[in-house]
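Coordinate analysis (summary)
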Protein chains: 2
Amino acid sequence: MTPVQLFKCLADETRLRLVLLMQAEGELCVCELMAALGESQPKISRHLAQLRNCGLLQDTRRGQWVYYNIHPSLPGWASSVIDSATNAEAGRLSALRSSLKAMADRPVCC
Amino acid sequence: MTPVQLFKCLADETRLRLVLLMQAEGELCVCELMAALGESQPKISRHLAQLRNCGLLQDTRRGQWVYYNIHPSLPGWASSVIDSATNAEAGRLSALRSSLKAMADRPVCC
DNA sequence: TTTACATATTCGAATATCCATATATAATGC
DNA sequence: GCATTATATATGGATATTCGAATATGTAAA
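Residues numbered from 1 in each chain as written. Chains lettered and ligands numbered in written order. Predicted model: local features only at pLDDT ≥ 70, side-chain atom pairs only at ≥ 80, totals over all residues. Heavy atoms only, no water.

- As named in an unreviewed UniProt entry, chain A is Metalloregulator ArsR/SmtB family transcription factor, taken from Microbulbifer harenosus.

The structure is reproduced here in structure tokens:
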């Protein structure tokens, strides 16, 4: 993962919000991410696939749900970049977390 | 300047190299940046204009030369992002600095 | 095995990005 | 003024990105 690759990943509102939310909340499934961001399923899924292909995310299937989280072996400089964005987006991030909390019927799985 | 705007700026090899080199060396003029990166004048100039329009760079004309540097009032989170990229690109950055040092007839101005 | 739910992928259109080439502007020196 | 050097911008083509809509896959439960 090069810096340019990471910056391309984060240079899109949807992908940045996905990454910041997972950084704050830990692993989340696709339907939780859809609810928190208020975006369509194909849109979320497409961006998640892109982030996974770059090595930024890890995915795990549990039953019918697929959980994504920040890849645990991300290099330190990449984590620092995400942390800096978290600081800059503190307000919008807490709004995302509220939307997630407000989601009805969050899957409780495994 | 939002995080997505910054990441778009840094999501291109040429622009990232420009920013890292100026972060390391302080202000540089267009011809120095051309020599260090080995890229054409219009290409360098176009990317510099883009970085200036985003608020990432500041420019000053001194005689026939235009000097660019990292904008002094860049928010802290943005500087941190650039620092993280500097850490990740240490090798390529020092190569850039060598090319700059090897440039003949660097303008000594004002 | 049929149905329902969760997620992934394909397709085509709209838009954005990047480049090389050519040309324009701006400052300096004669 | 005219020539030279430094920098900026306009144009058009190639490629990449993003999206919505439609469809495919995968899992579980009836």
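Moving on from the model shown.
1. A look at the packing of aromatic side chains
- The full count for this structure, using the stated rule, is 1 aromatic pair over all chains.
- Taking 5.8 Å as the distance between ring centres and 20° as the angle between the ring planes, the aromatic pair formed by Phe-7 of chain A and Phe-7 of chain B counts as stacked. Placement of the pair is Phe-7 of chain A in helix α1 (residues 3-10) and Phe-7 of chain B in helix α1 (residues 3-10), with the two residues belonging to separate chains.
- Stacked on the ring of Tyr-67 of chain A, the Lys or Arg Arg-62 of chain A has its end atom at 4.9 Å from the ring centre. (Phe/Tyr/Trp six-rings, centres within 6.5 Å; stacked < 30°, edge-to-face > 60°. Helix = DSSP H or I, 4+ residues; strand = E, 2+ residues; numbered from the N terminus. Lys NZ or Arg CZ within 6 Å of the ring centre and 35° of its normal.)

2. Here's the deal with the pattern of salt bridges
Residues and elements named next belong to chain A.
- Inspection of every chain in the model, using the stated rule, returns 18 salt bridges over all chains.
- A salt bridge links Glu-25 to Lys-101, with the shortest nitrogen-to-oxygen separation between them at 3.6 Å. Pair noted here: Glu-25 is in helix α2 (residues 13-25) and Lys-101 is in helix α6 (residues 90-101), with a separation of 76 residues, a long-range link.
- Among the residues examined, Lys-101 registers a relative accessible area of 56% and is labelled exposed.
- Sharing partners across several salt bridges, the network here consists of Glu-13, Glu-89 and Arg-92. (Salt bridge = Lys/Arg side-chain N within 4 Å of Asp/Glu carboxyl O. Buried < 20%, exposed > 50% of the residue type's maximum accessible area, 1.4 Å probe, protein only.)

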